[in-house]
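# Examination of the molecular architecture
Each chain is listed here by its residues.
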Amino acid sequence: MAGELNAAPVLSTPEDHLFEYAVVPTDDQTKAKSDDELRDIYEITRTAKEVGEGGWRRIGLQFPDHMLCDAPRVVQLLEAELASLPQPPVPTSTADSQLTATACPEPSTTNNGQCSRNFQQNGTGCGCGKQAPAPVESQPKARRVYVLADTSYSACCVDEIAAEHVNADVVVHYGRSCLSPTSRLPVIYVFTKHILDRDAALADFEKEYPDKEAKVVLMADVTYQVHVLSLLSELQSRGYVNLLATEIVHNPMGRIPNRKVVDVQGKEVEISHGSETSTGLDLRDYSIFHISQPPTALLLALCSRVKNLYIFPTSSDSSSLYSAQRLLGRRYARLLSLTTAGIIGILVNTLSVSNYLSSIDSIRKQIAAAGKKSYTMVVGKLNPAKLANFAEIDGWVVVGCWESSLIEDDAGFYKPVITPFELELALARDDERVWTGEWWGGIEAVKPPIDEKPEEKKSEDNENNETQDTADTEQASGDGELDSEEESAPPEFDWRTGKLVSHSRPMRMAASKPKSAKKEDSSEKPDAPPRSSALTLRSKAQELASVNGVVSPGAEYLRTQRTWVGLGTDFDEEATMKIEEGRGGVARGYTVGGEGEKHLMS
């Protein structure tokens, strides 16, 4: 027999650890910045100039989490800069420029107690002797600045949802960005400027590329982009002859995402797209010297497009000649785990990228064409606890920008999470699945859904009707054979376990159920063969639960595997009780029942 407890069992960590949060301070956070430094880092003058030229009055400032400490001072500096600019004229409408004729407030005996004339803007009044009110002149409204914190999704995307909550006219996005096209609001991108140790960068470059004829493209994170051209000029003066640089452009689908390649004079260099017929510079002959740690999505995208990638660290991160082959191998293993998935969840991780709606529609059609079931969900920022609530989902695909669609730390997720590009490979047949090493993370590469032409749709409907009639005739003949696509399809095996999988395409019905009307018609025909009374084996697909006549694997999972199906199941055997009237009244004194007994609160 267990001994008595002398104290409460320990069910959580000690309270001393409740407020411990390990934060590694960066170099920018360890020292306070002056106003001049903030003006230069956050480009206050340029931002105020663009706001003034655009005539915007409600400005939303979107900061990433690590920059929120500077937000109050940035707002003060921006408001002071905006105050020095001339106020734009207030747009006036017809209702503002000319007062609408309104009834005189002084009653009169004429015209059923109302004044027979109306006030006009000139203030002459009417016959009642009252003077018309003077028109109110509209004053210019001051500009309002709002801070948008705790973004709905990833910090690299513009949070148009938060901006619409404050009815913002423009969003100023600070920090690094994916530069995905937005769908509603104009955006001012401020990448911020960071200090770079030029001597260390030059020394690291010469150490890694001692050959003066090495073909290298200088590239940097958007926060260090201002240093690229100056480094290029310095390295060329030291004898390097085959160097190129990059400049920022708004083109996520470029050969180098959001970059164009330029030479020392700043002229753009044409880049080959990798095909045999394309002309231009082949990036596979060049290495990339990248300043600062790039996002993982960029590493995977450049893996098959360049020779190699070297990262120069700007913080405590260790530099390395980065090879993304192992990362690509992990991604390929993830997509192989979804080849036998029957239910796929579509995670909407953005509401701002311009083509997210058409991409969702296209992904749904791709999943349906593969005979699988899809469910679309919007859960905000992703974490393993949220997705673990949907145990019936076999895998997830993220609809987002080219950076946020890649879930880097996916080891803690209950089911694999892949990108739309990886989903397209996972849905392909085993004999057609070929991966050349190309990779992409976002929805920019998702092909829009192709609408069927009316002629093709009509011919397809006719073929379906003929197939349905044939299936009904075979069912009426009583031969008991169900020629279905599911039974005639080759067997599918899980590449990880080697086991046979029978539920990878639950939406492909085993056979069409004959309509009751056609059954009656066939039974009424005198020459129809008699129905067979022998037992026939029916496909398991016909036993799935359906909603409105459509097979629902989610409902089948709820019916067969969910142990909890809702409230009320634990009280079926309890007897019913008579409803009694409870307490009523206000907090200072309640009345109990209908007797009127009053209980005062102590």
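The rules behind these values
Residues numbered from 1 in each chain as written. Predicted model: local features only at pLDDT ≥ 70, side-chain atom pairs only at ≥ 80, totals over all residues. Heavy atoms only, no water. UniProt positions renumbered as here; feature names shortened; annotations may be inferred. Helix = DSSP H or I, 4+ residues; strand = E, 2+ residues; numbered from the N terminus. Contact = heavy atoms within 4.5 Å. Buried < 20%, exposed > 50% of the residue type's maximum accessible area, 1.4 Å probe, protein only. Phe/Tyr/Trp six-rings, centres within 6.5 Å; stacked < 30°, edge-to-face > 60°.

Looking at an unreviewed UniProt entry, one finds the protein named 2-(3-amino-3-carboxypropyl)histidine synthase subunit 2, with Neurospora intermedia as its source organism. For the protein, the Pathway (unreviewed entry) comment in UniProt is given as "Protein modification; peptidyl-diphthamide biosynthesis." In the Subcellular location (unreviewed entry) part of its UniProt record, the protein is described as follows: "Cytoplasm".

## Details of the side chain of Asn258
Counting through the fold element by element, Asn258 comes out in the loop between strand E6 (243-248) and strand E7 (259-262). Residues in contact with Asn258, not counting those within four places in the same chain, are Cys178, Leu179, Glu247, Ile248, Val249, His250, Asn251, Pro252 and Trp402.

## Here we look at the environment of Phe312
With respect to the helices, strands and loops of the structure, Phe312 is situated in strand E9 (residues 309-312). A relative accessible area of 7% places Phe312 in the buried class. Separated by 22 residues in the primary sequence, Phe312 and His290 have C-alpha atoms spaced 6.0 Å apart. If near-sequence neighbours (up to four positions away) are discounted, Phe312 is found in contact with Leu196, Asp197, Ala200, Ala201, Asp204, Phe289, His290, Ile291 and Ser292.

## Quick word on the packing of aromatic side chains
Applying the stated rule across the entire model yields 11 aromatic pairs. Look at Phe289 and Tyr310: their rings are 5.6 Å apart centre to centre, the planes differ by 15°, and that puts the pair in the stacked class. Of this pair, Phe289 sits in strand E8 (residues 287-291) while Tyr310 sits in strand E9, and the two are 21 residues apart along the sequence. Given the relative accessible area of 2%, Phe289 is considered buried.

## Here's the deal with unusual backbone geometry
Positive phi is not limited to glycine here, since Glu43 has a value of about 50°. The topology assignment puts Glu43 in the loop between helix H2 (35-41) and helix H3 (44-54). The class of Glu43 is buried, set by a relative accessible area of 17%. Look at Thr192: it is not a glycine, yet its phi comes out positive at around 70°.

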